[in-house]
Amino acid sequence: MKSNTNSIDLVDSLVQLNQVLLKFTDSLRASQMPFWLPGKTATNLEQAASLYADIWYQDDQDGRTTRSQHGLIGANAELVSCAIELNTAKALFQKLAIEYRLSQSSELQQSLHHRTEKLAELLHRQGASRLHLKQCYRQIPVIETRPIKIGFSWYTSGRSIRKLTPQQAEERLLKMDTSQSHIQLQLQAVGNLRPGDMLAQIQTQVPVIRANMLWKQEEQMLRKARNTSLPIIVALDDENPSLPEYNEPPLIPPEARSRLERSDLKIDPQPFLPSLRAHRYLG
């Protein structure tokens with residue numbers, strides 16, 4: 001933390017974010033536009049407003065998870081404007097939070113919760129212990145020009161791969177409880193690697209819904225895809241008063257498909273260092 005003034009800026013940014021969030025959810029609840037909200041989390045605009053406003057951890061929530069749902073919500077110009085204003089406030093708060101390492105400062109977390117207690121109550125977050133940063137940061141998906149079609153599908157094969165050198169792997173293992181036999185065995189395994197060897201640290205990503213959007217512009221078709229964890233706000237008007245054509249994917253994602261690896265990037269499916277989710281490259 002650079003100074004107390006920076007803390008005040010961050011708190012004020014969250015207060016502003018909450019105020020804009022209340023403005024957005026009030027506008028959403030008053031909407032008379034058509035919507036489609038499948039699933040159990042939100043089936044009406046009141047529940048959708050609670051989903052968008054859900055920026056606090058629940059007492060029993062796993063910090064690695066976020067509450068998500070896809071769907072479509074038709075919006076007039078006012079609601080679209082409120083959503084864009086909210087996204088701007090979210091981006092500013094995220095910038096400040098990252099800069100001042102909010103997630104590592106328990107004192108600042110308490111200060112933020114104290115300053116926004118009344119606003120949190122209005123958002124039906126009584127008893128929430130702290131901010132859920134991922135849910136706080138995530139942008140509201142907004143489509144300002146109505147597409148003719150939106151196709152939803154599950155993406156189940158996502159994963160991130162980060163390369164690790166033997167030295168990096170050793171450093172991370174040494175930060176763990178080295179008195180444990182399984183950590184000692186992994187340190188020995190790392191010691192047997194050659195300096196030029198690389199490991200692949202794999203993080204499997206949770207299934208996500210992807211929206212594939214289609215616009216017709218003159219004689220051309222424009223396509224765009226995006227992952228969506230929240231219902232999409234779609235701008236409607238007198239010329240286009242109804243939601244675009246859409247499909248209804250299953251609510252439960254299918255099992256992940258196995259994907260073929262490039263021959264030069266094949267990875268041993270058995271973890272070499274289980275504590276780091278690190279695998280060896282084959283060949």
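Residues numbered from 1 in each chain as written. Predicted model: local features only at pLDDT ≥ 70, side-chain atom pairs only at ≥ 80, totals over all residues. Heavy atoms only, no water.

How would you summarise the sheet that holds strand S8 (residues 220-228) if you had to cite specific residues and measurements?
Hydrogen bonding along the main chain pairs the strands of a sheet, whether they run parallel or antiparallel. Pairing in this open sheet of four strands is mixed, and the strands run S8-S7-S4-S10 from one edge to the other. Each edge of the open sheet is held by one strand with a lone partner, namely S8 and strand S10 (245-246). Here strand S7 (residues 208-217) runs beside S8; their pairing, made up of nine bridges, is antiparallel. When the bridges of S8 are listed, Gln217 appears paired with Gln220. (Pairing = 2+ DSSP bridges. Helix = DSSP H or I, 4+ residues; strand = E, 2+ residues; numbered from the N terminus.)

Break down the packing of helix H7 (residues 166-174) against helix H8 (residues 181-191) for me, citing the residues and quoting the values.
As a packed pair, H7 and H8 sit with axes 10 Å apart at the nearest point and diverge in direction by 165°. Taken together, the axes of H7 and H8 lie roughly antiparallel to each other. Judged by the twist between their axes, the crossing of H7 over H8 is left-handed. Within the contact between the two elements, H7 uses Pro166, Ala169, Glu170, Leu173 and Leu174 and H8 uses Ile183, Gln186, Leu187 and Val190. (Axes fitted to C-alpha atoms, helices over the stretch in contact; angles between N-to-C directions. Parallel < 35°, antiparallel > 145°, perpendicular 65-115°, else oblique. Left-handed = near helix turned anticlockwise from the far one by under 90°. Contact = heavy atoms within 4.5 Å.)

Which residues make up helix H3 (residues 77-99), and what values do they have?
In this model H3 runs 33 Å from its N-terminal to its C-terminal C-alpha over 23 residues, within 8% of the 33 Å that 1.5 Å per residue would give. Among the residues of H3, those classed as buried are Leu79, Val80, Cys82, Ala83, Leu86, Asn87, Ala89, Lys90, Phe93, Leu96 and Ala97. (Expected span 1.5 Å × (residues − 1). Buried < 20%, exposed > 50% of the residue type's maximum accessible area, 1.4 Å probe, protein only.)

So what's going on with the nonpolar core? Which residues, and what values?
Soluble, globular proteins show a tendency: their nonpolar side chains are buried together. Phe24, Leu28, Tyr52, Phe93, Ile140 and Ile233 are the most contacted members of the largest nonpolar core, which totals 37 residues. Taken together, the elements giving at least two residues each to this core come down to helix H1 (4-29), helix H2 (45-52), strand S2 (72-75), H3, helix H6 (133-137) and strand S9 (232-235). At nine residues, the largest contribution of residues to this core is made by H3. The residues contacting Phe24, other than those within four sequence positions of it, are Tyr52, Leu79, Cys82, Ala83, Leu86, Ile140 and Ile233. In terms of nonpolar packing, the next biggest core, distinct from the first, is built from 13 residues, Leu72, Ala211, Trp215 and Ile232 among them. (Core = buried A, V, L, I, M, F, W, Y, C linked by side-chain atoms within 4.5 Å.)

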